Amino acid sequence: MGIVQRQGLRNTVISYLGLALGFLNTAFIVPRFLAADQLGLTSTLLSIATIYAQLSALGFASVGIRFFPYFRNREAGHQGFLPLLLGVPLLGFALTTVLYLSGKPLVLSFYEHAPDRALIGSYYGWAAGLALFIMLYSLQDAYLKGLYHTAFSSFVQEILLRVLQAGAAVLYGVGYLSFHGYVLAYIGCMSGIALLLTGYLAYIDELHVRPQAAALRVQPLRGILSFGAFALLANISGTIIMNIDTLMVSSQLNLAAAGVYSIAFFISTALTLTARSLNKIAFPLLADYWKDNALSRMATFYRDTTRLNAVLGCYLALGIGLNLDFIYGLMHNPALQAGTTAVLVLLAARLFDGITGLNGLIVVTSPRYRYDLLFNVSLALITVGLNALLIPRLGLTGAAVAFLLAIVSINLARTWFVWHSYRMQPFTGRIPLILLSAAVAGTAAWLVPPFTSALLAMLVRSAVLTVVYATLILLTKSAPEATALLQKFRSRNPLT
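The following paragraphs examine the structure supplied in this document. Values in this document were obtained by computation on a predicted structure and should not be read as measured data.

## A look at the pattern of salt bridges
As enumerated under the stated definition, the model contains 4 salt bridges in all. Between Asp 141 and Lys 145 there is a salt bridge, and its shortest N-O distance comes to 3.6 Å. Pair noted here: Asp 141 and Lys 145 are both in helix α7 (residues 126-146), with a separation of 4 residues, about one helical turn. Summarising the burial analysis for this pair, Asp 141 and Lys 145 share the class buried. The partner of Asp 304 in a salt bridge is Arg 307, with the nearest N and O atoms 3.4 Å apart.

## Let's talk about empty space enclosed by the protein
In the structure shown here, the tally under the stated rule is 2 cavities of 30 Å³ or more. In this structure, the second largest cavity occupies an estimated 50 Å³ of space. Looking at the second largest cavity, the residues that line it are Leu 271, Thr 274, Ala 275, Asn 309, Gly 313, Arg 350, Leu 351, Gly 354 and Ile 355. At the level of secondary structure, the elements contributing two or more residues to the lining of the second largest cavity comprise α12 (273-292), α13 (295-322) and α15 (340-355). Element by element, the count of residues in the lining of the second largest cavity is highest for α15, at 4 residues.

## Observations concerning helix α11 (residues 255-268)
Over its 14 residues, α11 runs 20 Å from end to end, which matches the ideal 20 Å to within 8%, given 1.5 Å per residue. Of all 14 residues in α11, 13 are buried, a share of seventy percent or more. For α11, the N-terminal capping position is held by Asn 254, with its side-chain oxygen 3.1 Å away from the main-chain nitrogen of Ala 256.

## Description of the packing of helix α3 (residues 60-71) against α7
Packing of α3 against α7 brings their axes to within 8 Å, and their N-to-C directions diverge by 15°. It follows from the interaxial angle that α3 and α7 lie roughly parallel. Here the hand of the crossing between α3 and α7 comes out right-handed. From α3, Phe 60, Ala 61, Ile 65 and Phe 68 reach across to α7, where they touch Ser 138, Leu 139, Ala 142, Tyr 143, Lys 145 and Gly 146. In terms of residue class, the contact of α3 with α7 is made up of 7 nonpolar, 2 polar and 1 charged.

## Observations regarding the nonpolar core
Counting residues in each nonpolar core, the largest one holds 102 residues, and the members touching the most others are Tyr 182, Ile 267 and Tyr 328. Once residues lying within four places of it in the same chain are set aside, the contact partners of Ile 267 are Ile 320, Leu 324, Ile 327, Tyr 328, Met 331 and Val 343. With 24 residues, the next largest nonpolar core counts Ala 142, Trp 290, Ile 362 and Val 364 among its residues.

## Quick look at the packing of helix α17 (residues 370-394) against helix α18 (residues 396-422)
To describe two helices that pack against each other, one gives the angle between their axes and the distance between the axes. Contact geometry for α17 and α18: axes closest at 8 Å, N-to-C directions at 160°. For the element pair α17 / α18, the angle class is roughly antiparallel. The handedness of the crossing between α17 and α18 is right-handed. Of the residues belonging to the contact of α17 with α18, the class tally is 16 nonpolar, 6 polar and 2 charged.

## Topic: α7
With 21 residues, α7 ought to run about 30 Å at 1.5 Å a step, and its terminal C-alpha atoms sit 31 Å apart, in line with that. α7 sits mainly inside the fold: 17 of its 21 residues count as buried.

## Remarks on the side chain of Thr 96
Residue placement: Thr 96 occurs in helix α4 (residues 81-102). In this structure Thr 96 comes out as buried when scored by relative accessible area, which is 14%. Within polar-contact distance, the side chain of Thr 96 engages the side chain of Ser 56 at 3.4 Å.

## Side note on the environment of Leu 99
Its place among the elements puts Leu 99 in helix α4. Residues Leu 99 and Asp 372, spaced 273 residues apart in sequence, show a C-alpha to C-alpha distance of 27 Å.

Criteria and thresholds
- Residues numbered from 1 in each chain as written.
- Predicted model: local features only at pLDDT ≥ 70, side-chain atom pairs only at ≥ 80, totals over all residues.
- Heavy atoms only, no water.
- Salt bridge = Lys/Arg side-chain N within 4 Å of Asp/Glu carboxyl O.
- Helix = DSSP H or I, 4+ residues; strand = E, 2+ residues; numbered from the N terminus.
- Buried < 20%, exposed > 50% of the residue type's maximum accessible area, 1.4 Å probe, protein only.
- 1 Å grid on protein atoms, 1.4 Å probe; cavity = no way out; pocket = protein on both sides within 12 Å on 5 of 7 lines; lining within 4 Å.
- Points joined across faces, edges and corners; volume = space filled by probe spheres on them.
- Expected span 1.5 Å × (residues − 1).
- Polar contact = N/O pair within 3.5 Å; in protein donor to acceptor, adjacent residues only side chain to side chain.
- Axes fitted to C-alpha atoms, helices over the stretch in contact; angles between N-to-C directions.
- Parallel < 35°, antiparallel > 145°, perpendicular 65-115°, else oblique.
- Left-handed = near helix turned anticlockwise from the far one by under 90°.
- Contact = heavy atoms within 4.5 Å.
- Nonpolar A, V, L, I, M, F, W, Y, C, P; charged D, E, K, R; others polar.
- Core = buried A, V, L, I, M, F, W, Y, C linked by side-chain atoms within 4.5 Å.

Structural data, given as structure tokens:
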């Protein structure tokens, strides 16, 4: 657990610094310089490229984490694992690119508005380059997870990428870049961080690119490819769930609506930071637990991480939801406020996802990983259907509701499956206490009377929320880590 705590702490710090930078981008920089349809274009290109990259990778990002423990041998260059990890997806990328370029007329036919169709068409080919570097980043990130070197990849994705993207937006805003130049710089930022990971692997002497025949003998290649195929279908389903709403909003409404939705979606991602930073190290750790058949340790880890996600998730969800007027006010773009209701629905989805814990990671690293495919494929189909049904009727809110229903469904299914298969479940009696504390603290902050100053109102509401929530968490002892931290602080404070 020592390495988990160290890497988890580093990833958490980096993630929250990244959140601050992302908030600056979203609230101060991007909305000031880009129109809603321009925001919609970049988010649409990113969604297309993300799905494209997942298809090309053939599930090998998951293969990298699942099978690396069997190849780990630094003196032997990990027995040729990295060339295997990169080689198969590069072949997949070549095949997917042929299909992608030949399918351009079909993709553009979904965009009814001529200006939107023309704008996407002019950047259609560039999405292929973006997809390539997204794929390379994810594969190298998976390799680094297996090596338990996760902090640097978190830094380049959460901090450096956002600094570079903010710089590109500023250069566009002050006239040094055209919008075309901004889009190319946006794509170049993702390319740059993928190349940085390659340089980092060389720096830590883990860039073992020489193929070895041993890579085909450590584990049966058929088993690796079989796992990759199942992981591909599972991952692409998850990617569809996370990206299809943006694509369907842009096609069924317009690019401007997609821009509004992308801002709402980003605001809600604040709730994912704790889980994301934890998952970077939890994934390979769970793979090791399965290898060692340490199910009791896995069950304890499952419950502890769920409690942590619940404590922080409730606090962040309330803090954001109670201060949405202040957040949108900072953007100085009234058109974006149309996403307020969508943010609240998305926050509910993110909170439920965090509270149900590591169920997805436990399933995909378990011997019964194939069942996760059934969950994800079914859910992806349901998600597409819900978006098609709800977006024309409810607009942006319909996309958010579809996302909420998708997240609730998959987490209920996975949680039940983990309990039914392995008798592990994430909940203890402390979870209701956490939820009750959050409800009381949220109500207290909501009852704060309005102020003429939005900044003062935000500060007072946040202060009330923090004091009441922290007090209740400590009094109910629903988070033992917080109580232990307070006791440690008191023991060092000579005034207590």
